[in-house]
Amino acid sequence: MIILKVIKNKYFLTIIAVFIWILFFDKNDFFTQIDLINKCKELKKEKNYYLSEIQSDSTQISQLKTNLNELETFAREKYLMKADNEDVFVIVAK
């Protein structure tokens, strides 16, 4: 009897209707919020990755600016540069 009175109460029905509307039909519904939270976590991981890459690149740049041997090694490996009296052979593994 008491449960039936609560279910027929207009305020109770209004609260349930608003809750259902917010949960499923609103622009910022529950599922959208979950997707946004997951995307935020993914973007934070990407940010940390790029910050670590920036740090390692900055370290490499400072080493290249100060050490000529390091600069020569970098140029030979990355850009296939060579001295005047030598030949460079590139071997591609399949």
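Since the model is a prediction, treat every value here as computed from it, not as a measurement.

## A few points about the overall build of the chain
- Scanning the chain from N- to C-terminus turns up four helices and zero strands.
- Mapped from its N terminus to its C terminus, the chain presents α and β elements in the order α-α-α-α.
- In terms of overall dimensions, the chain is more spread out than a globule: its C-alpha atoms have a radius of gyration of 31 Å, far above the 12 Å expected for 94 residues.
- A burial count over the chain gives 3% of its 94 residues as buried.
- Of the roughly 9300 Å² of accessible surface on the chain, 63% is carried by carbon and sulfur atoms.
- The chain carries 14 positive and 13 negative side-chain charges, and their two centres are separated by 19 Å.

## Considerations on helix α2 (residues 10-25)
- Its 16 residues give α2 an end-to-end C-alpha distance of 21 Å, which sits within 8% of 22 Å, the value for a rise of 1.5 Å per residue.
- Residue N9 occupies the N-cap position of α2, its side-chain oxygen lying 3.1 Å from the main-chain nitrogen of Y11.

## Considerations on the pattern of salt bridges
- For the coordinates displayed, the defined rule picks out one salt bridge.
- Among the ionic pairs, R76 bridges to E72, the shortest N-O distance being 3.0 Å. With R76 and E72 both in helix α4 (residues 68-79), this residue pair falls four residues apart, about one helical turn.

## Re the packing of aromatic side chains
- Applying the stated rule across the entire model yields six aromatic pairs.
- Relative to F31, the ring of F24 lies with its centre 6.0 Å away and its plane at 35°, an arrangement referred to as tilted.
- A residue is classified by how much of its surface remains accessible, and F24, at 42% relative accessible area, is partly exposed.
- Both rings, one in F30 and one in F31, keep their centres 5.6 Å apart while their planes meet at 75°; by these two values the pair is edge-to-face.
- By way of ring pairs, the aromatic residues W21, F24, F25, F30 and F31 are connected into one cluster.

## A few points about the confidence of the model for the chain
- Taken over all residues, the pLDDT of the chain has a mean of 88, while the share at 70 or more is 100%.
- Here helix α1 (residues 2-8) is the element of the chain with the lowest mean pLDDT, 78, and helix α3 (residues 30-66) is the one with the highest, 95.

## With respect to α4
- Taking 1.5 Å of rise per residue, 12 residues should cover 16 Å, and α4 covers 16 Å from first to last C-alpha, within 8% of that figure.
- The N-cap of α4, judged by a side-chain oxygen 3.2 Å from the amide nitrogen of N69 a few residues on, is N67.

## Some remarks on the packing of α3 against α4
- The interhelical angle for the contact between α3 and α4, taken along N-to-C directions, is 115°, at an axis separation of 5 Å. By the criterion of interaxial angle, the relationship of α3 to α4 is roughly perpendicular. Crossing of α3 over α4 shows left-handed handedness. Residue-level contacts link Q60, Q63, L64 and T66 of α3 to L68, E70, L71 and F74 of α4.

Scoring rules and cut-offs
- Residues numbered from 1 in each chain as written.
- Predicted model: local features only at pLDDT ≥ 70, side-chain atom pairs only at ≥ 80, totals over all residues.
- Heavy atoms only, no water.
- Helix = DSSP H or I, 4+ residues; strand = E, 2+ residues; numbered from the N terminus.
- Rg over C-alpha atoms; globule rule 2.2 N^0.38 Å.
- Buried < 20%, exposed > 50% of the residue type's maximum accessible area, 1.4 Å probe, protein only.
- Areas by Shrake-Rupley, 256 points an atom, 1.4 Å probe, with all protein chains shown as cover.
- Lys, Arg positive; Asp, Glu negative; His and termini not counted.
- Charge placed at Lys NZ, Arg CZ, Asp CG, Glu CD.
- Expected span 1.5 Å × (residues − 1).
- Polar contact = N/O pair within 3.5 Å; in protein donor to acceptor, adjacent residues only side chain to side chain.
- Salt bridge = Lys/Arg side-chain N within 4 Å of Asp/Glu carboxyl O.
- Phe/Tyr/Trp six-rings, centres within 6.5 Å; stacked < 30°, edge-to-face > 60°.
- pLDDT = per-residue confidence, 0-100.
- Axes fitted to C-alpha atoms, helices over the stretch in contact; angles between N-to-C directions.
- Parallel < 35°, antiparallel > 145°, perpendicular 65-115°, else oblique.
- Left-handed = near helix turned anticlockwise from the far one by under 90°.
- Contact = heavy atoms within 4.5 Å.

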